[in-house]
Amino acid sequence: MTFSDITAVMLSNMDFFQLRKTAKRYGISYQGVRRQKLLRDVQRSILLKSTSSQAAQAPQGAVSAKPDLTQMRVGKRAPKRTESRINTFSARNAPLR
């Protein structure tokens, strides 16, 4: 099921008072409106809100793995590297870090 299907099922299972409360939360006028139109309007506003919030979170276009060197500060030291060593012990006997 898609998000729009789940939203439609959730809204259709609400009674009219719950639907009015949800419409008020999304800023939709509900006075003098039939139930089916109210269902359509609430579902449309929920879907628009979810797509706009997803679009704000998702990166646009291709994302490069190359580091951005323009943000590095002058005079800031690079993080200290730890020396790597070979672990000859099994994973069960490895010391906790």
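Counting starts from 1 at the beginning of each chain's written sequence and moves along it residue by residue. Residues qualify for local features only when their pLDDT is at least 70, as the model is predicted, and side-chain atom pairs are given and counted only at 80 or more; totals for whole chains, interfaces and linings, by contrast, use all residues. Hydrogens and water molecules were not included; the side-chain quantities draw on all heavy atoms of the structure.

(A) A look at the nonpolar core. The term nonpolar core refers to a set of buried residues drawn from Ala, Val, Leu, Ile, Met, Phe, Trp, Tyr and Cys, joined through side-chain atoms within 4.5 Å. Accessible area is worked out with a 1.4 Å probe on protein chains only. A residue is then buried under 20% of its type maximum, exposed over 50%, and partly exposed in between. Among the nonpolar cores identified, the biggest contains 10 residues, and these are Leu-11, Met-14, Leu-19, Ala-23, Ile-28, Val-33, Leu-38, Leu-39, Val-42 and Ile-46. Secondary structure elements with two or more residues in this core: α2 (16-25) and α3 (35-57). Each helix is a run of DSSP H or I of at least 4 residues and each strand a run of E of at least 2, with the numbering of both proceeding from the N terminus. Broken down by element, the residue count for this core peaks at four residues, all from α3. Any two residues whose heavy atoms approach within 4.5 Å are treated as being in contact. Beyond its immediate sequence surroundings of up to four residues, Ile-46 is in contact with Phe-3, Thr-7, Met-10, Leu-11 and Tyr-26.

(B) Up close: the pattern of salt bridges. Within this document, salt bridges are pairs made up of a side-chain nitrogen of Lys or Arg and a carboxyl oxygen of Asp or Glu, the two lying within 4 Å of each other. A full pass over the atoms with the stated rule returns two salt bridges. Taking the shortest distance from any N to any O, the salt bridge between Asp-41 and Lys-37 comes out at 3.0 Å. One end of the pair, Asp-41, and the other, Lys-37, are both in helix α3, four residues apart, so they sit about a helical turn from each other. On the basis of relative accessible area, Asp-41 is assigned to the buried category, the value being 18%. The partly exposed category is assigned to Lys-37, whose relative accessible area is 40%. In this structure, Arg-44 and Asp-41 form a salt bridge, with 3.6 Å as the shortest nitrogen-oxygen distance. Of this pair, Arg-44 and Asp-41 are both found in helix α3, three residues apart, which corresponds to roughly one turn of the helix.

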